[in-house]
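Summary of structural features
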Amino acid sequence: MTRLSRSTRRLTVAQALVAFLAHQYTERDGRQQRLVAACWGIFGHGNVAGIGQALLETGDELPYLQGRNEQAMVHAAVGYARHRDRLSAHAVTTSIGPGATNLVTGAALATINRVPVLLLPGDTFATRPADPVLQQLEHPGAGDVSVNDCLRPVSRYFDRIVRPEALIPAALAAMRVLADPVETGAVTLALPQDVQAEAYDWPEEFFADRVWHVRRPAPDPAELAAAARAVRAARRPLLIAGGGVHHSEAEDALRAFADATGIPVASTQAGKGSLRHDHPSDVGGIGHTGTAVADALARAADLVIGVGTRYSDFTTASATLFAAPDVRFVNLNIAPHDAHKLAGLPLVADARSGLEALTEAVAGHRVPDAYASAYTAGKAEWETTVARAYAPDDGRGDGARPTQAQVLGALDSVVGDEDVIVNAAGSLPGDLHKLWRTRSRRQYHLEYGYSCMGYEIPGAIGVALAAPGLPVWALVGDGTYLMMPTELVTAVQEGIPVKVILVQNHGYASIGGLSEAVGGERFGTAYRFRAPDGTYTGAPLPVDLAANAASLGMSVLRARTAHELRAALAEARAADRPTCVYVETETADTVSGAPPAQAWWDVPVAETATRPAAVSAREEYDRNAAARRRYL
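Residues numbered from 1 in each chain as written. Predicted model: local features only at pLDDT ≥ 70, side-chain atom pairs only at ≥ 80, totals over all residues. Heavy atoms only, no water.

**Details of the overall build of the protein**
A tally of helices and strands in the protein yields 24 helices and 23 strands. Rg of the C-alpha trace for the protein: 26 Å, near the compact-globule value of 26 Å for 632 residues, within the 12% margin. Across the 632 residues in the protein, those meeting the buried criterion constitute 57%. Summarising the internal contacts of the protein: among those between residues at least 6 apart in sequence, 76% fall at separations of at least 24. Summed over all atoms, the accessible surface of the protein reaches about 24,800 Å², with 54% contributed by carbon and sulfur. Counting 58 positive and 69 negative side-chain charges, the protein places the averaged centre of each group 3 Å from the other. (Helix = DSSP H or I, 4+ residues; strand = E, 2+ residues; numbered from the N terminus. Rg over C-alpha atoms; globule rule 2.2 N^0.38 Å. Buried < 20%, exposed > 50% of the residue type's maximum accessible area, 1.4 Å probe, protein only. Contact = heavy atoms within 4.5 Å. Areas by Shrake-Rupley, 256 points an atom, 1.4 Å probe, with all protein chains shown as cover. Lys, Arg positive; Asp, Glu negative; His and termini not counted. Charge placed at Lys NZ, Arg CZ, Asp CG, Glu CD.)

This is how it looks when you write it as structure tokens:
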């Protein structure tokens, strides 16, 4: 019997992985692009001689990006992948030990937001020539456990490559998950440092171009018919647009559905921008940080059509928002897990395919004229609220520090349709969700699935890499800035002209307000000196964050008033290098200038307390909690 010869290539495991990644592609709607377009890395003894050497040897075949913090590298990768509609991603390589565990927060953020990122942490020796090695976790009851196992619960796929030949099925499985719109998230291939450097004869077909087709599944006919009947029967329907609308590039299909039916469209943080702010059917954000008009519609809705949303507690106001006794749900989602939430009628499909099919199925149906007139009036009234919050002249005098809402108003006055606004945590997401006038499908880039402080600057860098030439703004509070300013150095090094708006309000404004609402009396939320009574209620700390940004290589513009701010933002937008606009706003223990929350959010309050603030907060909590319901 004659054996067929197979062509092989002798490479190390790391070299083979890098070569493999350079030949992986996604395809959707006939458009093809690299699945893994670049690799971020910080090198140490777990990857310097493996993945590091392989990246050096391969050159531009898989471009390398230098980061300063492992968590930040994952954030940058997420920003890139999200802006590329999850069709192209970045890899991140780290050393063993703390380099690997620093990935955990970023991995959780990617998986919760369902955005692809490939993690390649170094691992301890598979052959165990010395035990323990530097940075190895010794587990007395399990010799095969390493710190990389921390990544298992926050990864959609995890494998440890303890032999060279195991890389082939693991790498293929990793690509499948990265490219799957239902399964995607963080994917981890843990790479023992000795295995990375081990040579093997790899079959040439492992390095052939592979194209991973990204599906657009159409809805089941029976589910579509049931959804169409529900839409036709509804008198007060409301559509909630989630992040799946953007991931699917379904904005045109959503606009066609809204135009045809007149159904109002509210949006989650991830879905904002699914319709332009000035579209007649757009009623703004939904839920705890939503608009008054959207939340009023939600309370009265007899049908809620969720498209690409996972119904987080901010969206549902902790299960208190959809209050009509007869309310029903239709859930259009590519993930069956989400399509069945709230006991809704599932419509399992790609958002674009599903909206197109539903539009055709309800052809000729429109909401009652009185309903359209009512939400149109509510939309106009809310726009007046936005204009009032944005106005630079609010009676406090020309020399007054701007409110946070006025900062957004100043930015609103200088951006164009192509600008991208990046934010994640603190009080800014609530103000943005309520107030921002989104002009294009990818302008509003809020990471609120994990609401992770530190995402903004690296996330903005990722967006800028995904869309070179677009003005990209990172909106950062002082609390977030102090957690992760490191990637400003990366922006300077790479000449990435991100624009950072650094808002100094001397503390955790968002948590300060929440603390006050739940009887915590803003304890531990201000950046101030200790007072004689031991609390942090003294003078604000004399930190100069603008000087810090300048020391990292940024061009820095300081603005004292709302009028100065507009001029500084216009200058920053025109800049061709990384630029920071520093503005000191109202302090963290004053209001942001935005309207208050339009719906409740469940944060449990102490059931027993002696301080009056907590006792009063518990009474208010019990009143709100009584409105919670389960949809069965």
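**So, the pairing of strand S12 (residues 237-241)**
With five of its five residues buried, S12 lies for the most part within the structure. Here S12 shows no split at all, with Pro237, Leu239 and Ala241 on one side and Leu238 and Ile240 on the other all buried. Bridge count between S12 and strand S13 (residues 265-267): three bridges; the pairing is parallel. Within S13, the residue paired with alanine 241 across the bridge is serine 267. (Pairing = 2+ DSSP bridges.)

**Quick look at the sheet that holds strand S6 (residues 89-94)**
Here six strands make up an open sheet; going across it, the order is S5-S4-S6-S7-S9-S8 and the pairing parallel. Lying at the two open borders of the sheet, with one neighbouring strand each, are strand S5 (64-66) and strand S8 (157-160). Geometrically, the sheet is characterised by an average inter-axis angle of 20° between neighbouring strands, direction not taken into account. Across the face of the sheet, helix H1 (residues 13-21) comes into contact with strand S4 (36-41), strand S7 (117-123) and strand S9 (186-192) while running at roughly 175° to S7. (Axes fitted to C-alpha atoms, helices over the stretch in contact; angles between N-to-C directions.)

**Let's talk about the side chain of arginine 442**
Counting through the fold element by element, arginine 442 comes out in the loop between helix H17 (428-435) and strand S19 (444-446). A polar atom in the side chain of arginine 442 sits 2.9 Å from the backbone oxygen of arginine 82. Setting aside residues up to four positions removed in sequence, arginine 442 forms contacts with Arg82, His83, Asp85, His246, His247 and Val420. (Polar contact = N/O pair within 3.5 Å; in protein donor to acceptor, adjacent residues only side chain to side chain.)

**So, the environment of leucine 557**
Within the element layout of this structure, leucine 557 appears in strand S22 (residues 555-559). Look at leucine 557 and you get buried, because its relative accessible area is 18%. For the pair formed by leucine 557 and alanine 567, sequence separation is 10 residues and the distance between their alpha carbons is 9.7 Å. What leucine 557 contacts, discounting residues up to four positions off in sequence, is Ala568, Glu571, Ala572, Thr579, Cys580, Val581 and Tyr582.

**Re the packing of aromatic side chains**
Throughout the structure, instances matching the rule amount to 13 aromatic pairs. Taking 5.3 Å as the distance between ring centres and 65° as the angle between the ring planes, the aromatic pair formed by phenylalanine 314 and tyrosine 448 counts as edge-to-face. Here the residue phenylalanine 314 occupies a position in helix H12 (residues 313-316), and tyrosine 448 occupies one in the loop between S19 and helix H18 (456-466), the gap between them amounting to 134 residues. Summarising the aromatic geometry, the rings of tyrosine 508 and tyrosine 527 are spaced 5.0 Å apart at their centres and angled 75° between planes, so their arrangement reads as edge-to-face. With tyrosine 508 in the loop between strand S21 (499-504) and helix H21 (509-517) and tyrosine 527 in the loop between H21 and helix H22 (545-551), the pair connects residues that are 19 residues apart, well separated along the chain. The residue whose ring lies beneath arginine 558 is tyrosine 582, and the NZ or CZ to ring-centre distance is 5.6 Å. (Phe/Tyr/Trp six-rings, centres within 6.5 Å; stacked < 30°, edge-to-face > 60°. Lys NZ or Arg CZ within 6 Å of the ring centre and 35° of its normal.)

**Concerning a nonpolar patch on the surface**
Together, Phe43, Val48 and Tyr64 give the surface a local cluster of nonpolar side chains, amounting to about 250 Å² of exposed area. Along the chain, tyrosine 64 falls in strand S5. A relative accessible area of 32% means that tyrosine 64 is categorised as partly exposed. (Patch = residues over 30% accessible without salt bridge, like charges linked within 9 Å, V, L, I, M, F, W, Y side chains within 5 Å. Salt bridge = Lys/Arg side-chain N within 4 Å of Asp/Glu carboxyl O.)

**Notes on H1**
Buried residues dominate H1, accounting for nine of its nine residues. Those residues of H1 that sit buried are Val13, Ala14, Gln15, Ala16, Leu17, Val18, Ala19, Phe20 and Leu21.

**Remarks on the packing of H1 against helix H2 (residues 48-58)**
Relative placement of two packed helices is described by the angle separating their axes and the distance separating the axes. Following both chains from N to C, one finds H1 and H2 inclined at 50°, their axes separated by 8 Å at the closest point. Between H1 and H2, the crossing angle belongs to the class labelled oblique. Read as a crossing pair, H1 and H2 show a hand that is right-handed. Judged by residue contacts, Ala14, Gln15, Leu17 and Val18 of H1 engage Gly50, Ile51, Gln53, Ala54, Leu55, Glu57 and Thr58 from H2. Of the residues belonging to the contact of H1 with H2, the class tally is six nonpolar, four polar and one charged. (Parallel < 35°, antiparallel > 145°, perpendicular 65-115°, else oblique. Left-handed = near helix turned anticlockwise from the far one by under 90°. Nonpolar A, V, L, I, M, F, W, Y, C, P; charged D, E, K, R; others polar.)

**Considerations on the side chain of aspartate 602**
Within the secondary structure, aspartate 602 sits in the loop between strand S23 (579-584) and helix H24 (612-625). At a separation of 2.9 Å, a polar atom in the side chain of aspartate 602 contacts the side chain of tyrosine 621. Residue contacts for aspartate 602: discarding those within four places in its chain leaves Ser318, Tyr621 and Arg628.

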